[in-house]
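Residue-level structural notes
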Amino acid sequence: MYRDPTIRSSDITPESVYLNRRTFLRGLGALGAAALLSACGVNASDTRSNQSAPTNTLRDELGDPANTFEQITTYNNFYEFTTNKEDVARRAANFVTKPWTVEVTGMVHQPRIFAIEDILQMFDQEERIYRLRCVEGWSMVIPWQGFPLHKLLAIVEPTAHAQYVRFETLYDPDQMPGQRDRYFPWPYVEGLRLDEAMHDLTILSTGLYGRTLLPQNGAPLRLVVPWKYGFKSIKSIVKIELTDTMPVSLWMAVAPHEYGFYANVNPDVPHPRWSQATERRIGELGRRKTLPFNGYAEQVAALYAGMDLRQNY
Ligand SMILES: Nc1nc2c(c(=O)[nH]1)N[C@H]1C(S)=C(S)[C@@H](COP(=O)(O)O)O[C@H]1N2
Ligand SMILES: [Mo]
């Protein structure tokens, strides 16, 4: 294999490996490359934002550079392991994700249990470079691989009665010691309205930076809903249920006045204990303004036409 002698191995980051492979795919016009590149416009000449990762030409559609693989995989929220963001990676390192099944059930015509291998085979993996905005006030830009949730839902065929989708994380206190903490009603549960779940921005992710998802990011399958606060993007999913009743998420159960069902990113509605007007992009100095719907208003605002988003927080 040819190696450029001017490149030291210490320069070979997961980002550069991914960027090279990505360029290669583009050159080949390989199957899937169209989807890989059409999902997000990558505009290298866009210089609006800070150059926090100078080698990283991977940008979201606003021109913001992607966070590094290191940042994305070492600063995590995953309470099943620990509440210490810097320690999730270490504590989750031995999490067993094989074998893994995802049950899709409830108000559907074709209930089904999928093996994770089948999911990977059935759906083309697209690249989606999304901002993730945590309710705590920090954010990252993450190059996910995944596929729209609506593709999976189409296979199970929701009935006319289905109005919501309820998601559940694995319950296994032996592997996830945080689940011994009785303060939380485990397992972690999240929910979406059916139209939110069917929106093309809503994906199930299986990887990032061209690599299989690591446990700290929700391996082997996690939801990503980029216009909502990060806690909606539930990790390590084992069950997806179509229902006619609004699911009660773990955060709604714990603190209903602080965390609502909708959880759309909204700089105008402060959390009861802190403002949501600004955020700290991991890797940047200072803070930037938080955008309504996390910058995805054009695509999703219509879903909430006529709703009072202060009431429906
Ligand atoms: N099962 C589960 N999913 C979860 C969480 C969690 O604690 N458990 N934390 C959420 C929160 S608060 C955020 S901000 C994101 C963080 O995702 P990341 O660590 O991949 O950046 O995951 C969300 N999904
Ligand atoms: Mo979060």
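Up top you'll find the structure we're talking about.
The structure reproduced in this document is the subject of the present report. Note that this is a predicted model, so its numbers are computed, not measured. (Residues numbered from 1 in each chain as written. Chains lettered and ligands numbered in written order. Predicted model: local features only at pLDDT ≥ 70, side-chain atom pairs only at ≥ 80, totals over all residues. Heavy atoms only, no water.)

We now examine the pattern of salt bridges. With the rule as written, the count across this model stands at 21 salt bridges. The partner of Lys239 in a salt bridge is Glu241, with the nearest N and O atoms 4.0 Å apart. Residues participating in the shared-partner salt-bridge network are Asp64, Arg133, Glu279, Arg281, Glu284 and Arg288. (Salt bridge = Lys/Arg side-chain N within 4 Å of Asp/Glu carboxyl O.)

Once that is clear, we can look at helix 6 (residues 149-156). Among the residues of helix 6, Leu149, Leu152, Leu153 and Val156 are the ones counted as buried. Take helix 6 and look down its axis: the buried residues cluster within an arc of 100°, on one side only. Glu157 sits one or two residues past helix 6 and shows a positive phi near 55°. (Buried < 20%, exposed > 50% of the residue type's maximum accessible area, 1.4 Å probe, protein only. Helix = DSSP H or I, 4+ residues; strand = E, 2+ residues; numbered from the N terminus. Arc of directions from axis to C-beta.)

Once that is clear, we can look at the side chain of Thr73. Relative to the helices and strands, Thr73 is located in helix 3 (residues 69-74). For Thr73, the side chain forms a polar contact with the main-chain oxygen of Phe69, separated by 2.7 Å. Excluding residues within four positions of it along the chain, Thr73 makes contact with Ala89, Leu214, Gln216 and Asn217. (Polar contact = N/O pair within 3.5 Å; in protein donor to acceptor, adjacent residues only side chain to side chain. Contact = heavy atoms within 4.5 Å.)

Glancing now at the environment of Val269. Inspection of the secondary structure puts Val269 in the loop between helix 8 (250-254) and strand 11 (278-281). Judged by relative accessible area, Val269 falls into the buried class, the value being 16%. It is 8.4 Å that separates the C-alpha atoms of Val269 and Leu309, two residues lying 40 residues apart in sequence.

With that settled, the discussion passes to the side chain of His271. Mapped onto the elements, His271 comes out in the loop between helix 8 and strand 11. Under the relative-accessibility criterion, His271 is labelled buried at 6%. Polar contacts involving the side chain of His271 include one to the side chain of Glu258, which spans 3.2 Å. Within the structure, His271 has its side chain in polar contact with the side chain of Tyr259 (distance 3.3 Å). The contacts of His271, once residues within four sequence positions are left out, are Val135, Glu258, Tyr259 and Gln276.

The next thing to look at is the packing of aromatic side chains. The full count for this structure, using the stated rule, is 19 aromatic pairs. With a centroid separation of 6.2 Å and an interplanar angle of 70°, the aromatic rings of Phe69 and Tyr209 are classed as edge-to-face. One end of the pair, Phe69, is in helix 3; the other, Tyr209, is in the loop between strand 7 (203-208) and strand 8 (211-212), with 140 residues separating them in the sequence. Given a relative accessible area of 10%, Phe69 falls into the buried group. Between Tyr79 and Trp251, the ring centres sit 5.5 Å apart and the planes meet at 75°, which makes this aromatic pair edge-to-face. Here the residue Tyr79 occupies a position in the loop between helix 3 and helix 4 (88-92), and Trp251 occupies one in helix 8, the gap between them amounting to 172 residues. Through pairs of rings, three or more aromatic residues link up here, namely Tyr79, Tyr183, Phe184, Trp186, Phe231, Trp251 and Tyr259. In this structure, Arg211 packs its charged tip against the face of Phe69, placed 4.8 Å from the ring centre. In this structure, Lys232 is placed above the aromatic ring of Phe261, and the distance from its NZ or CZ to the ring centre is 4.5 Å. (Phe/Tyr/Trp six-rings, centres within 6.5 Å; stacked < 30°, edge-to-face > 60°. Lys NZ or Arg CZ within 6 Å of the ring centre and 35° of its normal.)

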